[in-house]
Amino acid sequence: MERKTIALIAHDHQKKSMVEWAKFNKETLSKFNLCGTGHTAGLVKEATGLDVKQYLSGPLGGDQQIGAHIAEGLIDIVIFFWDPLENQPHDPDVKALLRIATVYNIPIATTRATADCIIEYYWRNNK
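Now for a quick tour of the structure. Counting restarts for each chain: residues are numbered from 1 in the order of the written sequence. Confidence filtering applies because this is a predicted model: local features only for residues at pLDDT of at least 70, side-chain atom pairs given and counted only at 80 or more, and all residues used for totals across whole chains, interfaces and linings. Hydrogens and water molecules were not included; the side-chain quantities draw on all heavy atoms of the structure.

1. Looking at the overall build of the chain
In step 1: Every helix listed is a DSSP run of H or I at least four residues long, and every strand listed is a run of E at least two residues long, numbered separately from the N terminus. Each helix and strand in the chain was counted, giving six helices and five strands.
In step 2: In the chain, the succession of α and β elements from N to C terminus is β-α-α-β-α-β-α-β-α-β-α.
In step 3: On the principal axes, the C-alpha backbone points of the chain span a range of 40 × 30 × 25 Å.
In step 4: Residues count as neighbours in contact if any of their non-hydrogen atoms are within 4.5 Å of one another. A separation of at least 24 residues holds for 71% of the contacts in the chain among residues at least 6 apart in sequence.
In step 5: To be clear on the numbers: accessible area is Shrake-Rupley with a 1.4 Å probe, and residue cover counts the displayed protein chains and nothing else. For the chain, the exposed surface amounts to about 7,100 Å²; the carbon and sulfur share of it is 51%.
In step 6: One way to put it: in the chain the 14 positive side-chain charges average out to a point 6 Å from where the 15 negative ones average out. Charge counting treats Lys and Arg as positive and Asp and Glu as negative, with His and both chain ends excluded. Lys charges are placed at NZ, Arg charges at CZ, Asp charges at CG and Glu charges at CD.

2. Observations concerning the nonpolar core
In step 1: Joining through side-chain atoms within 4.5 Å is the link that ties buried Ala, Val, Leu, Ile, Met, Phe, Trp, Tyr and Cys residues into a set, and such a set is a nonpolar core. In this scheme, a residue with accessible area under 20% of its type's maximum is buried, one over 50% is exposed, and one in between is partly exposed, where area comes from a 1.4 Å probe on protein chains only. Core analysis: the largest hydrophobic core is formed by 21 residues, its most contacted members being I6, M18, W21, L29 and I79.
In step 2: Among the elements of the structure, strand 1 (5-10), helix 1 (15-24), helix 3 (38-48), strand 4 (77-81) and helix 6 (112-125) are those that each provide at least two residues to this core.
In step 3: Among the elements that take part in this core, helix 6 stands out by supplying four residues, more than any other.
In step 4: Setting aside its immediate chain neighbours within four residues, I79 contacts I6, A7, L8, I9, M18, W21, A109 and A115.
In step 5: A7, I70, V78 and F80 belong to the second largest nonpolar core, which has 13 residues in total.

3. Digging into the packing of helix 4 (residues 62-71) against helix 5 (residues 91-103)
What describes two packed helices is the angle between their axes and the distance between those same axes.
In step 1: Two elements in contact, helix 4 and helix 5, have axes separated by 9 Å at closest approach and are oriented at 15 degrees. Taken together, the axes of helix 4 and helix 5 are roughly parallel relative to one another. The handedness of the crossing between helix 4 and helix 5 comes out as left-handed. Across the interface between the two elements, D63, Q64, I66, G67 and I70 from helix 4 touch D93, V94, L97, I100 and A101 from helix 5.
In step 2: The residue classification treats Ala, Val, Leu, Ile, Met, Phe, Trp, Tyr, Cys and Pro as nonpolar and Asp, Glu, Lys and Arg as charged. All others, Gly included, are polar. For the contact of helix 4 with helix 5, the residue count by class is six nonpolar, two polar and two charged. For helices, the fitted line uses only the C-alpha atoms of the stretch in contact; every axis is such a line through C-alpha atoms, and the angle between N-to-C directions lies from 0 to 180 degrees. Working definition: roughly parallel below 35 degrees, roughly antiparallel above 145 degrees, roughly perpendicular at 65 to 115 degrees, and oblique for all remaining angles. Here a crossing is called left-handed whenever its near helix is offset anticlockwise from the far helix by less than a right angle, and right-handed whenever the offset is clockwise.

4. Observations regarding the packing of aromatic side chains
In step 1: Pairing of aromatic side chains requires ring centres within 6.5 Å, counting the rings of Phe and Tyr and the six-membered ring of Trp. Pairs whose planes differ by under 30 degrees are stacked, by over 60 edge-to-face, and all others tilted. Applying the stated criterion across every chain, the model contains one aromatic pair.
In step 2: Only when the NZ of Lys or the CZ of Arg is both within 6 Å of the ring centre and within 35 degrees of the ring normal is a charge said to sit over the ring. Sitting above the plane of the F24 ring, R112 keeps its charged end 5.6 Å from the centroid.

5. Topic: the environment of L29
In step 1: Relative to the elements of secondary structure, L29 occurs in helix 2 (residues 26-29).
In step 2: By relative accessible area, L29 is classed as buried at 0%.
In step 3: Distance in space between the C-alpha atoms of L29 and G62 is 21 Å, their sequence separation being 33 residues.

Here's what the structure looks like:
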């Protein structure tokens, strides 16, 4: 069975939550190809020891890179812990990423609970 690819993204105030989630789900995440925006990918890689392909940081084009890979069929799942209470300078890029994921019917989790549901579903149904 082909390994699915998960993109990991977290806004600044959500990076700690992403790292905690990734550490908790390390064994399951090891069954996927992982990528992510710059700092988030680096933090997850450092905390878990998992191989996480790093793209640019979100504000420097990382969200757009992930969106392009979604359109190319290279990303299957997006885990995006965003901060709904803080304005982001790259908000148009964030909205574009959410839009492209929706257009291509890519599951996108914006909370820990949803992220758990998505990876559990894919892991259980793609063994």
